[in-house]
Amino acid sequence: MARIVVLGTGFAGNTAALNLKKELGSKHEVIVISPRKNFSYVPSLVWVGVGSMQPEKTQFDLEPVYKKHGIIFKEGAAEEIRPDSRDQYVVVKYSDGKTEQIKYDYLINATGPKLNYAATPGLGPDAGYSDSICTLPHAVKTRDNYLKAVEKMKQGKRQKFVVGTGHGTATCQGAAFEFIHNLEFDLNRRGVRRNADITWISNEPALGDFGVGGVIVKKNGNLVSGKLFAESTFLEKGIKWVERAHVRKVEEGSLDYVNIEGEEGKLDFDFAMLIPPFAGIPIAYIDKDGNDIKSQMCVPSGFMKVDADYLSAAKPFEEWKNSDWPKKYNNPVYKNIFAAGIAFAPPHSISKPFKAPDGTLIVPSPPRTGMASGIIGHTVALSIIDMVKKGAEEATQQASMTEFGAICITSMGKSMTRGSAALLTMDPVVPNYEKYKFGRNLNYTFGDIGLAGHWVKYMLHYLFMWKMKGKFLWQFIPD
Amino acid sequence: MEDKSVKDLTEYVPYSKEARSFMAPTKYTVFIRTFIPWQLVKFIYYNLKMLRVLLKGHGRFMDT
Ligand SMILES: Cc1cc2nc3c(=O)[nH]c(=O)nc-3n(C[C@H](O)[C@H](O)[C@H](O)COP(=O)(O)OP(=O)(O)OC[C@H]3O[C@@H](n4cnc5c(N)ncnc54)[C@H](O)[C@@H]3O)c2cc1C
C-alpha cells in the first residue's frame, strides 16, 4: 500500500486529492492536510469585497467530501518536512498545539502563498492601513470598510479609492482589476459614484499586462494589444491610473510610490485595496542528520524548487526560453516530492522585469491562476498514479505553462442584466516567442467584454464548486 | 496630490502622451455589451470558444 500526502486544499491540492483517490481506490491511502477544513472559492472573493456576494457562498466544508471519497483529512498545518530519513515524514501541528509525524511515500506540496504584507511597510489589513481580498476574512473586512466609505458618500462626502498592487513584485493584477471594476459598478448601483475618485496603481509594465506579458488578440480585422482594452475600460469608467509602480510605504490615508522612470508620487485615499506580494508557506526542510536544507529545496522567496531552470533567472529577458519552465513539478533531488499550484517556484517572471533608477525591481510575479493550479495538481496526481500502479521511477506526465492555455474571466460588475466581464482565452499562458510571432496562438487567444462574460463567470462559480465538492460527474468538469 | 505619472484620459487631450494609444468604447459598444438578445448569442459563442481551448487539451502528455 502506498501513502500519498497532499498539503493544502486549494485548487491544486483538492484536484490532486480527488483524482488520486479516484484512480488508486481503497488499496492506497490519500491523506490531505490543511489548517482550514473549508474550501474557499477564491475567484469570487472580489464579489464578497464589495458586498455583492454572501461570504458563505464561496465556502464549503471539505470533511464530508473527503469522508465520502475515502480520503483521510487532518486539520493542521505542515511545519516540517523530513525528505530523506528512512521513513520520510511531515510534521503537522494541530490547533491544540499537538504535533504528529505523518509518513509518506509521495508528497504533494500545494500550500499556496504566504501573503507577504511585511514586504511593504504599512501594507495589509492586520498591521497596516490597506485592505485585501486574498482570503475570506480579509475580503469580509474589505467589504465592511468599503460599506463605511459608501455611507460617508451617502452623506455627501467625497471618498478616494485606490486599488491595485502593494509592491513592485506583487502578482494577481487580474484580481485587483476585477475588484476596481466591481467597486466602480457597485458605487453606481448604490447611486454614489459621483462622490468617488478612483485610482488604479500597479507594477505592470503597461496596463493589461496581468503578469503574463500582456496579450494580443484579433479584433475587427486587426491585431490589437490588450493594453488598449484595459485602458479603454478605465477611460469609460473615469478611473485614473498609475502603472509601472512599486509602493514604497502605506500610511494612514496615503501611499508613496516610485515608478520605473524614477518618478516619485503619493496617492491619498480613504479606502485602499492592495494585493500583497506572495512568498512560500514557511515550512522547514530537515535532512536525516538534522540539518536545515531549505535553501536546497526552495528558492529564497520560499517556493519549492521543481524541474525548472532556476539559473535562467540571472539571464537577460531576451535569453529566457520556454525550456526554463517546469514540466513535471517534481523536486529535482527528491523525485517523490511534488509542488503544485502557487507553491511551485517559477524560474522567473513572465513579464519583462524593469528596475527603477534606485535599483528597485518592478515586475509582476507570474500568476498561477486557479485553472493552471488545477491542471498542475491533476498532472502531478497522474504521475503519482503511474508511479504507484506501474512502478514508474519518476514523474511520467508533463504540463508546461508554455504549452497549455488558460481561460480568464475578469468580472467587471455583478448583475445578471447589467453586469459584465472580460473573457480572455490565451494559449499558451507563458508567451512562446520561439513558436508564435506574437507569443501566442492567435486562433485560440481571444478577448471580449460584455454581459455574457458575467454569465460565464457566474456559471463557473457553481460549476467549480460542484467539481471541488466531488459531486456526481465531477471528473468530467475540466480543470 | 496630482502628479504626472497619474494617467487620466477622462478628458481627451490631443497630442498628450496618453492620447498616443487611444481607444474607448462608443455608445453603441457600451449598449450592445448589455443588450440581452445579442449577449445570449455571445454566451453560446463564448462557450464554444472556451470549449475549443479545452478540447485542444491541457498540453498534458505522457513522457515516453
Ligand atoms: C481575489 C482573487 C481572485 C482570483 N480570481 C481568479 C480567477 O478569476 N480565476 C483564476 O483562475 N484564478 C483566480 N485567482 C487565483 C487563484 O485563486 C489561485 O491561483 C489559486 O487559489 C491557487 O491555488 P492553490 O491550490 O495553489 O493555492 P490556494 O488556493 O492558496 O490553497 C492553498 C492551500 O494550502 C493550505 N495551507 C496553507 N499552509 C499550509 C500548511 N502549512 N500545511 C498544509 N496546508 C497549508 C491552505 O489552507 C489552502 O488550503 C484569484 C486570486 C485572488 C486572490
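Refer to the preceding data block for the structure.
Rules behind the numbers
- Residues numbered from 1 in each chain as written.
- Chains lettered and ligands numbered in written order.
- Predicted model: local features only at pLDDT ≥ 70, side-chain atom pairs only at ≥ 80, totals over all residues.
- Heavy atoms only, no water.
- Helix = DSSP H or I, 4+ residues; strand = E, 2+ residues; numbered from the N terminus.
- Rg over C-alpha atoms; globule rule 2.2 N^0.38 Å.
- Buried < 20%, exposed > 50% of the residue type's maximum accessible area, 1.4 Å probe, protein only.
- Contact = heavy atoms within 4.5 Å.
- Areas by Shrake-Rupley, 256 points an atom, 1.4 Å probe, with all protein chains shown as cover.
- Lys, Arg positive; Asp, Glu negative; His and termini not counted.
- Charge placed at Lys NZ, Arg CZ, Asp CG, Glu CD.
- Phe/Tyr/Trp six-rings, centres within 6.5 Å; stacked < 30°, edge-to-face > 60°.
- Lys NZ or Arg CZ within 6 Å of the ring centre and 35° of its normal.
- Buried area = accessible area lost by both parts, 1.4 Å probe.
- Salt bridge = Lys/Arg side-chain N within 4 Å of Asp/Glu carboxyl O.
- Polar contact = N/O pair within 3.5 Å; in protein donor to acceptor, adjacent residues only side chain to side chain.
- Nonpolar A, V, L, I, M, F, W, Y, C, P; charged D, E, K, R; others polar.
- Axes fitted to C-alpha atoms, helices over the stretch in contact; angles between N-to-C directions.
- Left-handed = near helix turned anticlockwise from the far one by under 90°.
- Pairing = 2+ DSSP bridges.

Asks: Could you give an account of the overall build of chain A, naming the residues involved and the relevant values?
Replies: Helix and strand counts for chain A stand at nine helices and 27 strands. Here chain A has a C-alpha radius of gyration of 22 Å; the compact-globule value for 479 residues is 23 Å, and the two agree. Its C-alpha atoms give chain A principal-axis dimensions of about 65 × 45 × 45 Å. Scored against the burial criterion, the 479 residues of chain A give a buried share of 63%. Partitioning the intrachain contacts of chain A with sequence separation of at least 6 by distance along the chain shows that 68% fall at a separation of at least 24. For chain A, the exposed area adds up to about 17,900 Å²; of that, 51% sits on carbon and sulfur atoms. Counting 59 positive and 51 negative side-chain charges, chain A places the centres of these two groups 5 Å from one another.

Asks: Outline the overall build of chain B, listing residues and values.
Replies: When helices and strands are tallied, chain B shows two helices and one strand. When the 64 residues of chain B are sorted by exposure, 28% land in the buried category. In the structure as shown, chain B presents an accessible area of about 4,700 Å², 66% of it carried by carbon and sulfur atoms.

Asks: Could you give an account of the packing of aromatic side chains, with specific residues and numbers?
Replies: Summed over all chains, the structure comprises 21 aromatic pairs over all chains. Ring pairs connect the aromatic residues F177(A), W200(A), F210(A), F234(A) and W241(A), which therefore count as one cluster. For the cation-ring pair, R52(B) lies above Y444(A), with the distance from its terminal atom to the ring centre recorded as 4.6 Å.

Asks: Tell me about the interface of chain A and chain B, and please be specific about residues and values.
Replies: How big an interface is tends to be expressed through the accessible area that disappears when the partners come together. If you look at the interface, chain A gives 57 residues, while chain B gives 38 residues. In this assembly, chain A packs against chain B so that about 4,500 Å² is buried in total across both faces, 63% of it on carbon and sulfur atoms. In this assembly, chain A and chain B are joined by three salt bridges. For E236(A), the salt bridge goes to R33(B), with nearest N and O atoms at 3.4 Å. At the boundary of chain A with chain B, the tally comes to eight residue pairs in polar contact (both at pLDDT 80 or more). With seven residues, the top contributor of residues to the side of chain A that touches chain B is helix α6 (residues 226-237) of chain A. Considered class by class, the residues forming the side of chain A that touches chain B number 25 nonpolar, 16 polar and 16 charged.

Asks: Kindly report on the packing of helix α4 (residues 136-154) of chain A against helix α5 (residues 173-189) of chain A, identifying the contributing residues and their values.
Replies: All names here are of chain A. Where α4 contacts α5, the axes come no closer than 12 Å and their chain directions differ by 35 degrees. The hand of the α4/α5 crossing is right-handed. The segment α4 lies against α5, with T142, Y146, V150 and M153 engaging F179, L183, D186 and L187.

Asks: Which residues make up the sheet that holds strand β16 (residues 254-259) of chain A, and what values do they have?
Replies: Residues and elements named next belong to chain A. With antiparallel pairing, three strands are arranged side by side in an open sheet as β15-β16-β17. Of all the strands in the sheet, the pair left with one neighbour each is β15 (245-251) and β17 (264-268). Adjacent strand axes in the sheet meet at a mean angle of 25 degrees when their direction is disregarded. Pairing of β16 with β17, which is carried by five bridges, proceeds in the antiparallel orientation. When the sheet's bridge partners are listed, L255 is paired in β17 with L267.

Asks: How would you summarise the sheet that holds strand β27 (residues 446-450) of chain A if you had to cite specific residues and measurements?
Replies: Here we have three strands laid out as an open sheet, ordered β25-β26-β27 (chain A), and antiparallel in their pairing. Pairing within the sheet leaves two strands with one partner each, and these edge strands are β25 (406-411) and β27 of chain A. Across the sheet, the mean angle separating the axes of adjacent strands is 10 degrees when strand polarity is ignored. Here β25(A) runs beside strand β26 (residues 421-426) of chain A; their pairing, made up of six bridges, is antiparallel. Considered in β26(A), the bridge of I409(A) is made with L423(A). The strands touched by helix α2 (residues 36-55) of chain B within the sheet are β25, β26 and β27 of chain A, with β27(A) carrying the most contacts at an inclination of about 155 degrees.

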